[in-house]
Amino acid sequence: MERRKEAGMSGVRAFLDSITHEQLLDRLNLALEGAGVGIWDWDLRDDTVQFDRRWCEMLGLDHASTPMQLETWRARVHPDDLEACTRDIRAHVEGKTARYENLHRMRHADGRWVFILDRGQISGRDELGRPVRFTGTHADVTALERAKEVLAAEGAQLVTLVATLPTGVVMLDREGRLLSMSGQWVDQPSRPLTELLGRPFGEVLPGATRWAAPIARALEGHSTHVDEEPLTDGGRTRFLRWDARPWRTTDGAVGGVLLSAEDVTGAVQRRAQLARERETRMATLSLFAGGVAHEINTPLQVVVLEAELVLRELMRPTPSLEAIAQSAQAIAETARRAGAITRALRTLSRDARADPPDAVAIGPLFRDVQSLCLSRFTSAGVRLELDDRSGDALAVGRAAELLHALLNLLHNAHDAARGRPDAWVRLEAAVRDGQLCVRCVDSGLGVPPALLDRLMDPFFSTKPAGEGTGLGLSITRALAERDGGSLRHVPGAPHTTFELCLPLASHR
């Protein structure tokens, strides 16, 4: 290695020995000209300075008329930069630094400010070793500094943008320090954001350790996205949709990490609630399927029987029009009955979530309830009473959801009353306090007082294990509240009573 270095130095010396002093200066000038660098040579004894032509041109000065004095430079340095510049010069002259370097602004002849990268070194000393000559270069780096200012401004705008985003976002640098954070971040710090900027993310925000792995991946240039991550904290589970990705500088390098996170617990819970509603709606259909089959089969038998009578009558030599009319009337009535059952089933099976609330009459719903429930109640020995005193009042709601809610109430009431002497269930409708209220009353034993506070809890049931899901009342309440209504157990009533109330729409 040493022999190779000596050989290289020997080559340089040989090259220098082969050209004249004038040729060397000419080549140096060409190099400086190409680099756009100016030269200054300062005599520290009398503050005279030799500025070359390129130095003067950088500032729009005429080389021939420019005073070759230190004041020429000093007078053009920006007042805000002069002190730091002088301090750096003094530090080098006093031997505290190996070389001098300073970036400062200087006033151009046309009045604008240009950025100058000023570099130099002591180039001569007297017989006592004191510095007497200081030589250096000027380079105009205005374009570079302006670009830095633009990037800095854009960076500041990005930081401000992140801070004001309506979603949870955190911006980190490559070292994991906090650059910015939106006010919607899922884990808000206890201290003001101004106290946290520039500090390690893992030290300043609660729960930051969970992001360590995705942050590390992002710094390697990889993005991570999770739609619904369950997080349990203090017995409470919430769901986050989050994304960790690198943000890049203008040259494409990874500058840091952008974390975005959104608490989607509400959406997950709503989806689960809608799934439970769908399941209970299907369960209700299955529950009443046997009775519905009987209700439809009976009218079909009547239709077949009456149709055979009509055919038989038509084959007589002198058909009786009266007999045919009676059979036709019976067929029409039973068909209407079967149609009512079909309509009730179609209403119940409809997914009405996307439907806007409408004005709903209670009378048709009571008829649908009777079509779907009567056979089941009768076969169990439970008397079903319907008492509609709502008159021409209309409730705000969705017919399919309200029918679902009423069937849930009737199902619970049926199970509570079944097997008791003179078992009955009554459904009442009336206008109370500006609302249309439906009460479901049964002759069962009632609800133990200790359980009243839990009646509306999902999955809580007073029935024996395996006989109920515990979702009926909670879903019925959700259906009512979706349309601005309510569901409550009526305390102090002579019999078990649940009341479902909906806003009053209008009168027909």
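Structure shown above.
Residues numbered from 1 in each chain as written. Predicted model: local features only at pLDDT ≥ 70, side-chain atom pairs only at ≥ 80, totals over all residues. Heavy atoms only, no water.

This brings us to the pairing of strand 9 (residues 236-248). Across eight bridges, strand 8 (residues 224-233) lies against strand 9 in antiparallel orientation. By the bridge assignment for strand 9, Leu231 is matched with Arg238. In the sheet, strand 9 pairs with strand 10 (residues 254-263) via nine bridges, with the strands oriented antiparallel. In the strand pairing of strand 10, Trp247 is matched with Gly256. Taking the residues that link successive antiparallel strands as the turn, the strand 9-strand 10 hairpin has five residues, and the phi of Gly252 there is positive, at about 90°. (Pairing = 2+ DSSP bridges. Helix = DSSP H or I, 4+ residues; strand = E, 2+ residues; numbered from the N terminus.)

Strand direction decides the pairing type here: strand 6 (residues 168-173) and strand 7 (residues 178-181), joined by three bridges, are antiparallel. Counterpart to Val170 in the pairing with strand 7 is Met181. Count of turn residues in the strand 6/strand 7 antiparallel hairpin: four residues, of which Gly176 carries a positive phi of about 80°.

Let's shift gears to the pattern of salt bridges. Counted according to the given criterion, the structure contains 25 salt bridges. Arg439 is the salt-bridge partner of Glu499, the closest N and O atoms lying 2.8 Å from each other. Placement of Glu499 in strand 17 (residues 496-507) and of Arg439 in strand 15 (residues 435-442) is noted, with a sequence separation of 60 residues between them. Connected through shared salt-bridge partners, Arg383, Glu385, Asp422, Arg426 and Glu428 make up one network. (Salt bridge = Lys/Arg side-chain N within 4 Å of Asp/Glu carboxyl O.)

Angle between the axes and distance between the axes are the two parameters that describe a pair of packed helices. Running from amino to carboxyl end, helix 12 (residues 362-379) crosses helix 13 (residues 399-417) at an angle of 40°, the nearest separation of the two axes being 10 Å. Crossing hand, helix 12 versus helix 13: right-handed. Contacts between helix 12 and helix 13 pair Ile362, Leu365, Phe366, Asp368, Val369, Leu372, Cys373, Arg376 and Phe377 from the former with Ala399, Leu402, Leu403, Leu406, Leu407, Leu410, His411, His414 and Asp415 from the latter. Looking at side-chain class alone, the contact of helix 12 with helix 13 contains 13 nonpolar, two polar and three charged residues. (Axes fitted to C-alpha atoms, helices over the stretch in contact; angles between N-to-C directions. Left-handed = near helix turned anticlockwise from the far one by under 90°. Contact = heavy atoms within 4.5 Å. Nonpolar A, V, L, I, M, F, W, Y, C, P; charged D, E, K, R; others polar.)

A word on the sheet that holds strand 2 (residues 48-51). Spatially, the five strands line up as an open sheet ordered 2-1-5-4-3, and their pairing is antiparallel. Across the chains shown, the open sheet's two edge strands, defined by having one partner strand only, are strand 2 and strand 3 (100-107). Mean inter-strand twist for the sheet, computed between neighbouring axes without regard to direction, equals 25°. Pairing analysis gives eight bridges linking strand 3 to strand 4 (residues 113-125), with the strands arranged antiparallel. The partner of Tyr100 across the bridge, within strand 4, is Gly120. Lying over the sheet, helix 5 (residues 79-93) contacts strand 1 (37-43), strand 3, strand 4 and strand 5 (131-140), oriented at roughly 155° with respect to strand 3.

Take the environment of Leu117 next. Looking at the secondary structure, you find Leu117 in strand 4. The exposure class of Leu117 is buried, given its relative accessible area of 18%. Residues Leu117 and Arg105, 12 residues apart in the sequence, show an inter-C-alpha distance of 8.8 Å. Excluding its chain neighbours within four sequence positions, the residues that come into contact with Leu117 are Glu101, Asn102, Leu103, Thr137, His138, Ala139 and Val141. (Buried < 20%, exposed > 50% of the residue type's maximum accessible area, 1.4 Å probe, protein only.)

A few words now on the sheet that holds strand 6. Across a sheet, strands are paired by hydrogen bonds formed along the backbone, either parallel or antiparallel in direction. The strand order 7-6-10-9-8 describes an open sheet built from five strands, whose pairing is antiparallel. Each edge of the sheet is formed by a strand with only one pairing partner; in this case those strands are strand 7 and strand 8. Sheet twist, expressed as the average angle between the axes of neighbouring strands with direction ignored, equals 25°. On the sheet, helix 8 (residues 212-219) packs against strand 6, strand 8, strand 9 and strand 10 and is oriented at approximately 140° with respect to strand 10.

The relative placement of two aromatic rings is captured by the distance of their centres and the angle of their planes. Counted according to the given criterion, the structure contains five aromatic pairs. Between Trp42 and Phe134 the ring centres are 5.7 Å apart and the planes differ by 20°, which places this aromatic pair in the stacked class. Here the residue Trp42 occupies a position in strand 1, and Phe134 occupies one in strand 5, the gap between them amounting to 92 residues. A relative accessible area of 11% places Trp42 in the buried class. Taken together, the aromatic side chains of Trp40, Trp42, Tyr100 and Phe134 make up a single cluster linked through ring pairs. (Phe/Tyr/Trp six-rings, centres within 6.5 Å; stacked < 30°, edge-to-face > 60°.)

Read these as geometric descriptors, not functional statements.
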